[in-house]
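# Chain and residue survey
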Amino acid sequence: QVSKRKQTFLFLTMAAPAAKKEKSAAELAVLVLLWYAGNTFYNIFNKKASKMLHAHWTIAAAQLVVGIVVSLAAWGTGIRKTPNLTQADIVACVPIGLFACLAHAFSVLAMGMGAVSFAQIVKACEPVFAAVVGLLLPPVDIKPLMAYMMLIPIVGGVGLACVKEGKGIEINVGAFTYASAANLAAALKGKLGGSVVKNLKGDATKNMDSANVYGVMNIISFLFTVPMVIAFEFSSLEEEWNKALTEHSSNDILMNVALSGFFFYIYNEFAFAFTASVGAVTSSVLNTAKRVIIIVVSAILFNEAMERNTVIGSAIAIGGTFAYSLASKKKAAPKDKKA
């Protein structure tokens, strides 16, 4: 007999990865709902944890630990097949894990240093970074002209969102820099890891479905995050922890960190599963809509100011991202045929 707790765990860990069979519209809707809910809760608990404890690399590392525990539990209990990777496979995954580490940690730093809504607006610029990386790194990925045209409203919208009425341009430089760095890291992860992930998922003997790809990436990402914690925060970690305890209980701090880690892992699982089911373009479009929800929810929960220019600018940028996703669907030109 399976207990209710195990049934819940089974649902959360198995609902996402099964992407081999074509899913019904209802199943896809459930995936999107869980993806959105997980991402929204992640942003809420991540912001709470970052406000309590000013050790953002440490928080990022702890969040990854929660995901590792979930993966190890799923593999150890047989709920999921254990990945069967060679040393060469693991080495090939290292760049993905490195840039996943940076994309995650820089996002945590951006939201820790500024408003969640502002970080999400800047992160709407991710297609700009992806387009540039696609042109600079081989194999060159040339998008249709209309896709590149849609980068203009994305950049313009983010710029408008930074213009405060009566004050001119006002930017949280730290949050803007880290959010932009997260965009670059995410673009590099997608560019360098695309073929690797495709090859791993294509070999059934390696047991690398969407969930296991993310689980392995999560572990490698953690291994890269630890040196960053040691380099940037280890010397001041005890001081920051004691400072946090003067205003919050240890249980509250640990609970918010743990919950942010749980929802970070869960929302990524459902996002990976949804992308595997419908493709990158549809997933990108819905990822754009997700940002709207997070911006609105965070503005309400954390009393983040949303001036007219911020609302209009974010709407333009997110609309541009939506249009870019649709325009990117068409190929710019056929690939050269090999002789």
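Reading the values: the criteria
- Residues numbered from 1 in each chain as written.
- Predicted model: local features only at pLDDT ≥ 70, side-chain atom pairs only at ≥ 80, totals over all residues.
- Heavy atoms only, no water.
- Core = buried A, V, L, I, M, F, W, Y, C linked by side-chain atoms within 4.5 Å.
- Buried < 20%, exposed > 50% of the residue type's maximum accessible area, 1.4 Å probe, protein only.
- Helix = DSSP H or I, 4+ residues; strand = E, 2+ residues; numbered from the N terminus.
- Contact = heavy atoms within 4.5 Å.
- Phe/Tyr/Trp six-rings, centres within 6.5 Å; stacked < 30°, edge-to-face > 60°.
- Patch = residues over 30% accessible without salt bridge, like charges linked within 9 Å, V, L, I, M, F, W, Y side chains within 5 Å.
- Areas by Shrake-Rupley, 256 points an atom, 1.4 Å probe, with all protein chains shown as cover.
- Salt bridge = Lys/Arg side-chain N within 4 Å of Asp/Glu carboxyl O.
- Axes fitted to C-alpha atoms, helices over the stretch in contact; angles between N-to-C directions.
- Parallel < 35°, antiparallel > 145°, perpendicular 65-115°, else oblique.
- Left-handed = near helix turned anticlockwise from the far one by under 90°.
- Nonpolar A, V, L, I, M, F, W, Y, C, P; charged D, E, K, R; others polar.

### Focus: the nonpolar core
Within the largest apolar cluster, 68 residues are counted, with the highest numbers of intra-cluster contacts made by Trp35, Tyr42, Trp57 and Leu102. Those elements that place two or more of their residues in this core are helix H2 (25–52), helix H3 (56–76), helix H4 (87–113), helix H5 (116–123), helix H9 (173–202), helix H10 (210–232) and helix H12 (250–278). Once residues within four sequence positions are removed from consideration, Trp57 is found in contact with Cys101, Leu102, Ala105, Phe106, Leu109, Thr225, Met228, Val229, Phe232 and Glu233. By size, the runner-up hydrophobic cluster in this structure holds 17 residues, among which are Cys125, Val128, Tyr148 and Ala327.

### Some points on the packing of aromatic side chains
Applying the stated rule across the entire model yields 14 aromatic pairs. Centre to centre, the rings of Phe262 and Phe263 are 5.4 Å apart; their planes meet at 75 degrees, and the pair counts as edge-to-face. Seen from their ring centres, Phe264 and Tyr267 are 5.8 Å apart, and the 85 degrees between their planes marks the pair as edge-to-face. Of this pair, Phe264 and Tyr267 both sit in helix H12, three residues apart, which is roughly one turn of the helix. Ring-pair connections join several aromatic residues into one group, and the members of that group are Phe41, Phe45, Phe262 and Phe263.

### Side note on unusual backbone geometry
Here the bond from Pro138 into Pro139 is cis, since omega is -5 degrees, no more than 30 degrees from zero. Mapped onto the elements, Pro139 comes out in the loop between helix H6 (126–136) and helix H7 (145–149). In this structure, Asn207 is a non-glycine residue whose phi angle is positive, near 55 degrees. Located in the positive-phi region is Asn303, a residue other than glycine, with phi close to 50 degrees.

### Focus on a nonpolar patch on the surface
A cluster of nonpolar residues, Val132, Leu135, Leu136, Val140 and Ile142, forms a patch on the protein surface that exposes about 480 Å² of accessible area. Relative accessible area serves as the criterion here: at 51%, Val140 is assigned to the exposed category.

### With respect to the side chain of Ser107
Topologically, Ser107 is positioned in helix H4. Residue class for Ser107 comes out buried when judged on its relative accessible area of 10%. Non-local contacts of Ser107, meaning those with residues more than four positions away in its chain, are made with Lys123 and Ala182.

### Details of the side chain of Glu240
Its location among the elements puts Glu240 in helix H11 (residues 237–245). When residues no more than four places from it in sequence are discounted, the contact partners of Glu240 are Leu53 and His54.

### Section: the environment of Val30
In this structure, Val30 sits in helix H2. As for Val30 and Phe270, which are separated by 240 residues in sequence, their C-alpha atoms are 9.4 Å apart.

### Details of the packing of H2 against H3
It is at 10 Å that the axes of H2 and H3 come closest, and there the two elements cross at 140 degrees. One way to sum up the angle between H2 and H3 is to call them oblique. Crossing of H2 over H3 shows right-handed handedness. Judged by residue contacts, Tyr42, Asn46, Ala49 and Ser50 of H2 engage His56, Ile59 and Gln63 from H3. Taken together, the residues of the contact of H2 with H3 break down into three nonpolar, four polar and no charged.

### Notes on the environment of Val285
Along the chain, Val285 turns up in helix H13 (residues 280–301). Here the alpha-carbon distance between Val285 and Tyr324, two residues 39 residues apart in the chain, equals 8.8 Å. In this view, Val285 contacts Phe322, Ser325 and Leu326; residues no more than four positions away in its chain are not counted.

Take it as geometry only, folks, not as evidence of what the structure does.
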